[in-house]
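Here is what each chain is made of, one letter per residue.
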Amino acid sequence: MSADISLSCDGLSVGPSPHVHDQSLSTQAVMLYVLIALSPVITAAIWFFGAMAVSQLLLITATCMLCERLFTWMRGQPCPLSDGSAAVTGIILALSLPATTPVPVAIVASLTAIGLGKAVFGGLGMNLFNPAMVGRAFVTISFAAALGGTGYVDPQGVEIITQATPLSMSGAQLESYPSLLHLFVGEHNGSLGEVSVLAALVGGLFLCLKGVAAWEIPVTLLAAMALLTVIGQLLGAAIDPDMTVLALHLRIDQALCSGALVFGAFFIATDPVTSPISRRGRVVFALGLALLIWIIRTFSNYPEGFMFAILLMNSVVPLINRYTIPLPVGAQPQTKKEAAS
Amino acid sequence: MASTAPASSAPGHFLGGVHPPAHKALAAAFPIQALPHPKQLVVPIQQHIGAPATPCVEARAALSAGQRIAEAKGFISAHVHAPLAGTAQKPANVTIASGRHLPAIPITVAADNPGGEQSFQATLGGHWDLGAIAGLEPSAIAPQVAEAGVAGMGGAAFPTHVKLSAQEKAPIDTVLVNGCECEPYLTADDRVMIEAPQAVLAGALIAARALAAGRVVIAIEQDKTRAMASLKEAIAQAGQALPGVSVEIIGLTPHYPMGGERQTIRAALGRIIPEGGLPSAVGTMVINVGSCTAVAAAVLRGLPMTHRVVTVTGRGIAQPANLWVPIGTPIEHLIAHCGGLTPQAQRVISGGPMMGFALGNLSAPVTKGTSGITVLTDADLGDAPRTACIRCGRCGEVCPMRLVPSRLALASRHENWDLARSHHILHCMECGCCSYVCPASIPLVQWIRVGKACLPRD
């Protein structure tokens, strides 16, 4: 039991019950599990993008930790670097950016993630939005050229980044869409962490099994996305015979294995701080997320919608929490009349 | 007659809960042993939930063992008796384990009291005439139990006669004997079931007789195999002692807080008590195994409640034991009898580590609700660093009442009573599972207790 609720009385230690505590899981251990779960994704990123991935991961993680130190110092707080949360934010941010991200852009993204995403809200556990996604969104809008679909392509780099990212293709190019195997293993262009569905699944399942990530979110999100893809196909056949909108013509497996969907479903949407508390709330959250991703992929100028979708859904989490307060054992659901009185 | 499989509607478990290390082996093997009499007893006049009793003896009066020394005041109250012969002193204030200051009657114990072993045999031992229960007048049972001052021995110390008074509005069909003892370390109930199974059975049948209940269910955690075997044998011997009443044993998953009555009822009978309701709302009366023996002694032997079994255990005590203790004995006397505290001893708790009270002063007396003394070391207490809430939701997952402890604690801290009410703060039974698992080591149940106490009543 922590020292601040115990005191000494005639040589005896006293404090309120419970007097024992489960030693097996601390905040630090939670973050450690996340880092372990991220390791397959990091390995895949390094495998496909080589030195570019290594330098980007190191740069952004170090910058995030430095920013955490700086901002907690500015606010006169103890610096909780040891809890590992800044490192987790840094790695997820690095994995959500393309290998071609210019160094200054990466630094701005880190600064925004920790500063605007976390510190201004009051630090660990207080942030409304996923910090990594705040940083990612800031640079996506500010440096559109570097981070748009074309920004991913670098003819001088390793082979994989000489191609366009799958989701930025047009519907007419559907013939040349990467094969399912390539999508699943990760041999196609994209952000560092999103290319390998396999690696994200391995890490994500570990997180769910350890009980660190809520399984309801990825399961609901992927199922809803599959359903929306079918609806999209029907819609596409009716309103888009010329195949101008790619998202309306993807098969289910192509839609699920493209973009940041699987990586985000397991590692970003499950961030406990920025997702609802109750099981019901999490399902609602994941359904909303799927709908927004589908809308952005289909009707906006952005090829992938995960980042904006998660930020929008983060903003309604307090509302979801408010309407999904779990009913205690034995309690009767409140009728509308009672609630009004 | 006896079966150990839960009925089909009974799940055998409940939602949520935790598995703290049980450490029952420290004391479980030691038979109940009589504590040598202390020189002085301090008997508080309120050891039960309800109105305090009123002292009814003068200072310096000579007391015989079992003489009433304080009268119950009102229906929900309990008489208090002198556990040993001696001389009453002027009433004084005493701080009991929970930290409450209460008037108490100190008693200087006479030298010629018979030994504790005799009182143990007289109360729990010997042969029990279970056949006599069928001849008892049901309406006369509750007054007899009230006369003996019996209060629940599971911890809350609710006056037992209140539960034994049949209510027309809420008929009872099942007497549920709670032998779960889910608090880690404690073994008092376990020992009572092993050593005095007939007394437990007698008390349960008397309760069924008083309430005209047709079914007695004894709920025991499955790992207490010796207790189960001994009760099974007692049931088999008894045969159909009380016609029309079936007796069965149900084995439940060992799990904290299985002994909480809402959890026991759910696991053993599959019944769910409505919010704010009592067990009687689902036709059930729950009674602790120790209380059963007290009821049996009161009704069949006319003995008042003056002693109880107390486990003294933990890695901070030299020789753990299960003791037969006169009520009012200072806790330091028990500790001295058990070889004293070890150098590693850090915290002395009245009760178990999940819901017990830490003692700042070892002269506090044993009361009717004291089930054990647990002495923890530094290593047991642990030292987990506090961090901010990461909203992992573990507290909600383990909450047996399905509350959201993190929100309740937040509401209590910020005195946001609307938030506290909307999240059903009064539903919390303070089992402490949330604080036990919190990765950030936030004192959740501690905050919720503060919130429950400060919540404005309207």
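Residues numbered from 1 in each chain as written. Chains lettered and ligands numbered in written order. Predicted model: local features only at pLDDT ≥ 70, side-chain atom pairs only at ≥ 80, totals over all residues. Heavy atoms only, no water.

Caption draft 1: Geometry of the overall build of chain B. Tallying secondary structure elements over chain B gives 15 helices and 18 strands in all. Rg of the C-alpha trace for chain B: 21 Å, near the compact-globule value of 23 Å for 458 residues, within the 12% margin. Viewed in the frame of its principal axes, chain B has a C-alpha envelope of about 60 × 50 × 45 Å. Counting the 458 residues in chain B, one finds 60% classified as buried. Counting only contacts in chain B whose residues sit at least 6 apart along the sequence, the fraction spanning at least 24 positions is 75%. Carbon and sulfur atoms provide 56% of the accessible area of chain B, an area that totals close to 16900 Å². Here chain B carries 33 positive and 29 negative side-chain charges, and the mean point of each set is 5 Å from the other. (Helix = DSSP H or I, 4+ residues; strand = E, 2+ residues; numbered from the N terminus. Rg over C-alpha atoms; globule rule 2.2 N^0.38 Å. Buried < 20%, exposed > 50% of the residue type's maximum accessible area, 1.4 Å probe, protein only. Contact = heavy atoms within 4.5 Å. Areas by Shrake-Rupley, 256 points an atom, 1.4 Å probe, with all protein chains shown as cover. Lys, Arg positive; Asp, Glu negative; His and termini not counted. Charge placed at Lys NZ, Arg CZ, Asp CG, Glu CD.)

Caption draft 2: Local environment of the environment of His81 of chain B. Residue and element names in this part refer to chain B. You can see His81 is positioned in strand 6 (residues 80-81). Among the residues examined, His81 registers a relative accessible area of 5% and is labelled buried. Among the polar contacts made by the side chain of His81, one reaches the main-chain carbonyl oxygen of Glu147 at a distance of 3.1 Å. (Polar contact = N/O pair within 3.5 Å; in protein donor to acceptor, adjacent residues only side chain to side chain.)

Caption draft 3: Up close: the packing of aromatic side chains. All told, the structure shown has six aromatic pairs over all chains when counted by the stated rule. Between Trp294 of chain A and Phe299 of chain A the ring centres are 5.9 Å apart and the planes differ by 90°, which places this aromatic pair in the edge-to-face class. Among the residues examined, Trp294 of chain A registers a relative accessible area of 10% and is labelled buried. Both rings, one in Tyr302 of chain A and one in Phe308 of chain A, keep their centres 5.1 Å apart while their planes meet at 55°; by these two values the pair is tilted. Of the residues examined, Phe308 of chain A reaches a relative accessible area of 18% and is grouped as buried. Arg301 of chain B extends its terminal NZ or CZ atom over the ring of Trp128 of chain B, reaching a point 3.6 Å from the ring centre. (Phe/Tyr/Trp six-rings, centres within 6.5 Å; stacked < 30°, edge-to-face > 60°. Lys NZ or Arg CZ within 6 Å of the ring centre and 35° of its normal.)

Caption draft 4: Structural detail: the pairing of strand 12 (residues 246-252) of chain B. Residues and elements named next belong to chain B. Among the seven residues that make up strand 12, six are buried, leaving the element largely enclosed by the rest of the structure. Pairing analysis gives seven bridges linking strand 11 (residues 215-221) to strand 12, with the strands arranged parallel. Each bridged residue has a counterpart across the sheet, and for Val217 the counterpart in strand 12 is Glu248. You can see the chain leave strand 11, run along helix 6 (residues 225-238) and come back into strand 12, and the turn it takes is right-handed. (Pairing = 2+ DSSP bridges. Right-handed = clockwise from strand over helix to strand, strands pointing away.)

Caption draft 5: Broad picture of the interface of chain A and chain B. Every contact between the two is made by 43 residues of chain A and, on the other side, 57 residues of chain B. Taken over both partners, the interface formed by chain A and chain B buries close to 4200 Å², and the fraction arising from carbon and sulfur atoms is 55%. Inspection of the region where chain A meets chain B yields zero salt bridges. Applying the counting rule to chain A against chain B returns 19 residue pairs in polar contact (both at pLDDT 80 or more). For the side of chain A that touches chain B, the secondary-structure elements that each account for two or more residues are strand 2 (12-14) and helix 1 (27-49) of chain A. Class assignment for the residues of the side of chain A that touches chain B results in 23 nonpolar, 15 polar and five charged. (Buried area = accessible area lost by both parts, 1.4 Å probe. Salt bridge = Lys/Arg side-chain N within 4 Å of Asp/Glu carboxyl O. Nonpolar A, V, L, I, M, F, W, Y, C, P; charged D, E, K, R; others polar.)

Caption draft 6: Summary view of the domain arrangement of chain B. Residue and element names in this part refer to chain B. Here the domain parsing of chain B yields domain 1 (24-28 + 118-301) and domain 2 (394-454). A separation of 31 Å is found between the C-alpha centroids of domain 1 and domain 2. Contact residues are listed per partner, giving six residues for domain 1 and seven residues for domain 2. Contact with domain 2 buries area across many residues of domain 1, yet Tyr256, Gln263 and Glu275 alone supply 67% of it, more than any other trio. Linking domain 1 with domain 2 are zero salt bridges. (Domains from an automatic or database assignment.)

Caption draft 7: Region of the structure containing the sheet that holds strand 10 (residues 174-179) of chain B. All names here are of chain B. What the four strands build is an open sheet, ordered 12-11-10-13; its pairing is parallel. Each edge of the open sheet carries a strand with a single partner, namely strand 12 and strand 13 (284-288). Neighbour-to-neighbour, the strand axes of this sheet turn through a mean angle of 25°, independent of strand direction. Looking at chain direction, strand 10 and strand 13 are connected through five bridges and run parallel. By the bridge assignment, Asn178 is partnered in strand 13 with Asn288. (Axes fitted to C-alpha atoms, helices over the stretch in contact; angles between N-to-C directions.)

Caption draft 8: Molecular detail of the pairing of strand 13 of chain B. Most of strand 13 of chain B is tucked away: five of the five residues are buried. Both faces of strand 13 of chain B are covered, namely the face carrying Thr284, Val286 and Asn288 of chain B and the face carrying Met285 and Ile287 of chain B.

Caption draft 9: Inspection of helix 6 of chain B at higher detail. Residue and element names in this part refer to chain B. Spanning 14 residues, helix 6 covers 20 Å between terminal C-alpha atoms, matching the ideal 20 Å at 1.5 Å per step. Of the residues making up helix 6, those classed as buried are Ala227, Met228, Ser230, Leu231, Ala234 and Ile235. Where helix 6 is buried, its residues touch helix 4 (188-195), helix 5 (197-211), strand 11 and strand 12. Two residues or fewer past helix 6, Gly239 is found with a positive phi of approximately 60°. (Expected span 1.5 Å × (residues − 1).)

Caption draft 10: Broad picture of the sheet that holds strand 18 (residues 372-377) of chain B. Residues and elements named next belong to chain B. Here we have six strands laid out as an open sheet, ordered 1-15-14-18-16-17, and mixed in their pairing. Edge strands, defined here as strands with exactly one partner in the open sheet, are strand 1 (32-34) and strand 17 (357-358). Taken together, the five bridges between strand 16 (residues 345-350) and strand 18 define a ladder with antiparallel strand orientation. Of the residues in strand 18, the one forming a bridge with Val348 is Val375.

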